[in-house]
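Breakdown of the fold
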Amino acid sequence: MTENGGALRDQGSRWYDGEAGPLIRPYALTGGRTRPRPSGVHLDLIALVSLHRDASMVHGDFRLGPEHRALVELCRGETQSLAELAAGTDLPVGVVRVLIGDLLERGCVTASRPVPPAQLPDERVLSEVIAGLKAL
Amino acid sequence: MVSEHPDTTDDDTTALALKILVAGGFGVGKTTLVGAVSEIKPLRTEELLSEAGQSVDDTEGVDHKVTTTVAMDFGRITIRSGLSLYLFGTPGQDRFWFLWDELSQGALGAVVLADTRRLEDCFPAVDYFEHRHIPFVVAVNCFTGARAYGAQDVSRALDLDQGTPVVLCDARDRDSGKEVLIRLVEYAGRMHTARLLNSVG
Ligand SMILES: Nc1nc2c(ncn2[C@@H]2O[C@H](COP(=O)(O)OP(=O)(O)OP(=O)(O)O)[C@@H](O)[C@H]2O)c(=O)[nH]1
Ligand SMILES: [Mg+2]
């Protein structure tokens, strides 16, 4: 039942092509929601999203669509930033933010919060960055 | 002081990502610079500008907001496992400034790219970062035949605060780009330390 949405894409049986323009209104994927559900959580572009142990639940939840699963798959390899997830799924950042919010809410993924401006990384980290850049 | 931890919802990982912005006028070489230093082909994300748009069509109980998108490209440099640098080329046009606010949240610093043939194009970026006390360096992208000015001249012409580094660079060159980033991180470190000392003293 949950596979309906995915089936069309997975089989590559597209009845439209790239030149047809955007077929789906972006926020249609989120059911019209433009804000992530766990309110107060704002995911930065460099928020790092990793899979939680219980990520497999993504498959049992009928409210989650193929895009949610695609995001989970992307995180499976390695921790990904929100920006990378957006690029990887070819979805706008705002949409990915909402979808990741769904996954957070269900405990499928965890995400790092942005560093508050007052707490920029300490000197040790910055020295490490400088050394790393020099060694590139 | 600040009791608000960057409390991560994650348990075991303490991966740290740092954000650097690359700003400057239209066509000054932002994407080129990001591409030159990034270990991945610069990726492109789109941010939806729904808030800026108006019309909300509620007839179906779902709002079909009219959205436009603005593209940002970004690259990544992995320093080590668990520590990476993300570079974001900011959208050039002024009307997207509200996006900068979000982008610059928690940013380590910024590179303002300048072209001496149209130096004024980078004024808005310089203004922006100065006002928000975000550490930045000015990198003069030396397009062929434009290397008529030195760092001093640019610094004076832009009326930069004393200490703001000006670096001559070639945005297409990886080593040159690396040098710009190193100068920025060094400078950001100095600024940060100074600020901490100020808040103590
Ligand atoms: N000769 C020369 N050309 C350059 C240099 N840097 C960039 N270019 C060229 O200038 C053009 C614009 O560079 P981009 O990197 O796309 O500039 P941008 O700032 O990202 O442009 P927008 O995103 O459109 O504002 C490209 O054709 C580059 O190849 C340089 O140092 N020297
Ligand atoms: Mg560009």
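On a predicted model such as this, the values are computed, not experimentally measured, just so you know. (Residues numbered from 1 in each chain as written. Chains lettered and ligands numbered in written order. Predicted model: local features only at pLDDT ≥ 70, side-chain atom pairs only at ≥ 80, totals over all residues. Heavy atoms only, no water.)

1. What about the overall build of chain B?
The secondary structure content of chain B amounts to 5 helices and 7 strands. Along the chain direction, N to C, the helices and strands of chain B fall in the order β-α-β-β-β-α-β-α-β-α-β-α. Taken across its 201 residues, chain B has 48% of its residues classed as buried. Relative to all contacts within chain B whose residues are 6 or more apart in sequence, the contacts with residues 24 or more apart total 70%. (Helix = DSSP H or I, 4+ residues; strand = E, 2+ residues; numbered from the N terminus. Buried < 20%, exposed > 50% of the residue type's maximum accessible area, 1.4 Å probe, protein only. Contact = heavy atoms within 4.5 Å.)

2. Points about unusual backbone geometry
Residue and element names in this part refer to chain A. Backbone geometry places aspartate 90, a non-glycine residue, at a positive phi of 60°. Position of aspartate 90 among the secondary structure elements: in the loop between helix 3 (82-89) and helix 4 (93-105). Residue classification places aspartate 90 among the exposed residues on the basis of a relative accessible area of 68%.

3. Quick word on the pairing of strand 4 (residues 83-89) of chain B
Residue and element names in this part refer to chain B. Buried residues dominate strand 4, accounting for 7 of its 7 residues. Residues Leu83, Leu85, Leu87 and Gly89 of strand 4 are buried on one face, and the alternating residues Ser84, Tyr86 and Phe88, pointing to the opposite face, are buried as well. Bridge count for strand 1 (residues 16-24) against strand 4 is 7 bridges, and the pairing is parallel. Paired with lysine 19 across the bridge in strand 4 is tyrosine 86. (Pairing = 2+ DSSP bridges.)

4. Some thoughts on the nonpolar core
The nonpolar side chains of soluble globular proteins are, as a tendency, buried together. Core analysis: the biggest nonpolar cluster contains 56 residues, and Ile100(A), Leu103(A), Phe88(B), Phe129(B) and Val138(B) have the highest contact counts within it. The biggest single contributor to this core is helix 4 of chain A, with 7 residues. Grouped together as the second largest cluster of nonpolar side chains are 31 residues, Leu18(B), Val28(B), Cys169(B) and Val185(B) included. (Core = buried A, V, L, I, M, F, W, Y, C linked by side-chain atoms within 4.5 Å.)

5. A look at the sheet that holds strand 2 (residues 80-81) of chain A
Residues and elements named next belong to chain A. Reading across the sheet, the 3 strands line up as 2-1-3 and stay open at both edges, with antiparallel pairing between neighbours. Unpaired on one side and paired on the other, strand 2 and strand 3 (109-111) mark the two borders of the sheet. Taken together, the 2 bridges between strand 1 (residues 48-51) and strand 2 define a ladder with antiparallel strand orientation. Counted as the bridge partner of leucine 48 is serine 81 from strand 2. This element, helix 2 (residues 66-77), spans strand 1 and strand 2 of the sheet and lies at about 90° to strand 1. (Axes fitted to C-alpha atoms, helices over the stretch in contact; angles between N-to-C directions.)

6. A short note on the site of ligand 1
Residues and elements named next belong to chain B. If you check the shell around ligand 1, you find 14 residues, and the closest are Gly27, Lys30, Thr31, Thr32 and Asn141. Here an oxygen atom of ligand 1 and a backbone polar atom of valine 28 are 3.1 Å apart. For ligand 1, an oxygen atom lies 3.3 Å from a polar atom in the side chain of aspartate 170. Contact with the protein chains covers 65% of the free accessible surface of ligand 1, which is 650 Å². Among the residues forming the shell around ligand 1, the class breakdown is 4 nonpolar, 7 polar and 3 charged. (Near = heavy atom within 4 Å. Polar contact = N/O pair within 3.5 Å; in protein donor to acceptor, adjacent residues only side chain to side chain. Areas by Shrake-Rupley, 256 points an atom, 1.4 Å probe, with all protein chains shown as cover. Nonpolar A, V, L, I, M, F, W, Y, C, P; charged D, E, K, R; others polar.)

7. A look at the pattern of salt bridges
With the rule as written, the count across this model stands at 16 salt bridges over all chains. A salt bridge links Arg106(A) to Asp61(A); the nearest nitrogen and oxygen atoms lie 2.6 Å apart. Of this pair, Arg106(A) sits in the loop between helix 4 and strand 3 while Asp61(A) sits in the loop between strand 1 and helix 2; the two residues are 45 residues apart in sequence, bridging distant segments of the chain. The shortest N-O distance in the salt bridge between Arg97(A) and Glu102(B) comes to 2.7 Å. (Salt bridge = Lys/Arg side-chain N within 4 Å of Asp/Glu carboxyl O.)

8. Notes on the side chain of Ser112(A)
All names here are of chain A. With respect to the helices, strands and loops of the structure, serine 112 is situated in the loop between strand 3 and helix 5 (123-135). You can call serine 112 buried: its relative accessible area is 8%. There is a polar contact of 2.9 Å between the side chain of serine 112 and the backbone nitrogen of leucine 48.

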